[in-house]
Amino acid sequence: MHSRFIEAFALLPAALQTALEPLLSHDDFPAMLTAAQVADVCAQTGLDDDALAFALLPLAAACSITPISHFHVGAVARGVSGDVYFGANMEFSGASMQQTVHAEQSAVTHAWLRGEAKLASITVNYTPCGHCRQFMNELNSGTALNIHLPGRDVATLGDYLPYSFGPRDLDIATLLMDKFDHGYTLDETDALSKQALQACNQSHAPYSQSHSGIALETHSGKIFAGRYAENAAFNPSLPPLQGALILLNLAGEDYLNVRRAVLIERSQPLVSQRDATRSTLAAIGCTELTALTL
């Protein structure tokens, strides 16, 4: 079991420990459960899907990285596939505060990067802030997304974000988590560039058309790719680097072990990721960034 889960796991009910132990017993637990695993855990414990999501929150929060706030937030997103995805807040010492990742952003992006088509609900241990409510409003689930909080009745995103402004107000047809391919090509043939290009082609930037993607390689040789997720309100947009770091962190890797990165974006984009990416990578100890343009 990955060391970060040990303390939270020990506090879980015995039946849940028994059901989850085979899944968490290896360091490479992907911080998600498939629909089949969810059904099996629910059958063993007597929990329903919603109760299981609440029970998993301490494990999700154990994935948080909080050198600035020391405030641990966990989130569990459930896809329409039945799969569930952990999320946790992330902070980066030495980087600007705008590079912070919120737990809801983490869970949503985790599901998106793993190919989930749409979210049915998200469960969080603290009330989503306005930033996260606006970020989730970009989803193809829209304001119908169910939000579960401890001690409260289930409510929709629309309940938490009345009089919302989002992509539908701007006649945007392709929403976050919809599947698409922008069709960009590049002559680069190395594995890192190929994954960055694939991420760029799946990025969501309907307002600026500044599609971008990144791939990170760790010292162990593992590769994690992230896509830009643009938002109708602009500020809650999530850079591709943060997407890759979310996936890396939830896979149990140390984000301080990033060895090199390849960023791909359009030539002369309205929104460039280059400078912020280089700065944040430097803050976590990576100085080898290759920036390619389409």
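Residues numbered from 1 in each chain as written. Predicted model: local features only at pLDDT ≥ 70, side-chain atom pairs only at ≥ 80, totals over all residues. Heavy atoms only, no water.

As annotated in an unreviewed UniProt entry, the protein chain carries the name Cytidine deaminase and is attributed to Hafnia psychrotolerans. Quoted verbatim from the Subunit (unreviewed entry) heading of the UniProt record, the comment on the protein chain is "Homodimer." (UniProt positions renumbered as here; feature names shortened; annotations may be inferred.)

A word on the layout of surface pockets. Taken as a whole, the largest pocket encloses approximately 410 Å³ of empty space. Class assignment for the residues of the lining of the largest pocket results in 8 nonpolar, 12 polar and 1 charged. Counting the residues that make up the lining of the largest pocket, at least three belong to each of domain 1 (26-170) and domain 2 (191-293). Its boundaries defined by the atoms lining it, the second largest pocket holds a volume of some 230 Å³. Lining the second largest pocket are 18 residues; nearest its centre among them are F71, V73, N89, H102 and A103. (1 Å grid on protein atoms, 1.4 Å probe; cavity = no way out; pocket = protein on both sides within 12 Å on 5 of 7 lines; lining within 4 Å. Points joined across faces, edges and corners; volume = space filled by probe spheres on them. Nonpolar A, V, L, I, M, F, W, Y, C, P; charged D, E, K, R; others polar. Domains from an automatic or database assignment.)

What helix α8 (residues 191-201) keeps buried is the set L192, S193, A196, L197, A199, C200 and N201. The inward-facing, buried residues of α8 abut β7 (212-218), β8 (223-227), β9 (258-265) and β10 (289-293). (Buried < 20%, exposed > 50% of the residue type's maximum accessible area, 1.4 Å probe, protein only. Helix = DSSP H or I, 4+ residues; strand = E, 2+ residues; numbered from the N terminus. Contact = heavy atoms within 4.5 Å.)

This part takes up the nonpolar core. A general trend in soluble globular proteins is that nonpolar side chains are found buried together. Counting residues in hydrophobic clusters, the biggest one holds 78 residues, and the most contacted among them are L20, L59, F86, I122, L216, L245 and L281. In this structure I122 touches A75, V76, A77, E104, A107, V108, M136, L145, N146, I147 and H148, once residues within four positions along its chain are discounted. (Core = buried A, V, L, I, M, F, W, Y, C linked by side-chain atoms within 4.5 Å.)

Residues other than glycine predominantly adopt negative phi, and peptide bonds predominantly adopt the trans conformation. Unlike most non-glycine residues, H70 shows phi in positive territory, near 55 degrees. Position of H70 relative to the elements: it lies in the loop between α4 (49-61) and β2 (74-79). With phi around 60 degrees, Q209 is a residue other than glycine that occupies positive phi space. Relative to the elements of secondary structure, Q209 occurs in the loop between α8 and β7.

For the rest of this paragraph, the subject is the side chain of S64. As for its position among the elements, S64 is in the loop between α4 and β2. Among the polar contacts made by the side chain of S64, one reaches the main-chain carbonyl oxygen of A61 at a distance of 2.8 Å. Within the structure, S64 has its side chain in polar contact with the side chain of H72 (distance 2.6 Å). (Polar contact = N/O pair within 3.5 Å; in protein donor to acceptor, adjacent residues only side chain to side chain.)

Let us look at the sheet that holds strand β1 (residues 32-33). Pairing within the open sheet is mixed, and its 6 strands lie in the order β1-β3-β2-β4-β5-β6. Every interior strand has two partners, whereas the edge strands, β1 and β6 (155-156), have only one. Contacting β2, β3 (84-88), β4 (119-124) and β5 (146-148), α4 runs over the sheet at an angle of about 140 degrees to β2. Its contacts with the sheet place helix α5 (residues 103-113) against β1, β2, β3 and β4, and it is angled at close to 145 degrees to β3. (Pairing = 2+ DSSP bridges. Axes fitted to C-alpha atoms, helices over the stretch in contact; angles between N-to-C directions.)

What follows concerns the packing of helix α2 (residues 14-24) against helix α3 (residues 35-45). Where α2 contacts α3, the axes come no closer than 8 Å and their chain directions differ by 150 degrees. The orientation of α2 with respect to α3, classified from their angle, is roughly antiparallel. The hand of the α2/α3 crossing is right-handed. The residues of α3 that touch α2, namely those facing A15, L16, T18, A19, L20 and L23, are Q37, V41, Q44 and T45. (Parallel < 35°, antiparallel > 145°, perpendicular 65-115°, else oblique. Left-handed = near helix turned anticlockwise from the far one by under 90°.)

Between α5 and helix α9 (residues 240-250), the shortest axis-to-axis distance is 9 Å and the interhelical angle comes to 90 degrees. With respect to α9, the axis of α5 lies roughly perpendicular. For the pair formed by α5 and α9, the contact residues are Q105, S106, T109, H110 and L113 on the first element and G243, I246, L247 and L250 on the second. Taken together, the residues of the contact of α5 with α9 break down into 4 nonpolar, 5 polar and no charged.

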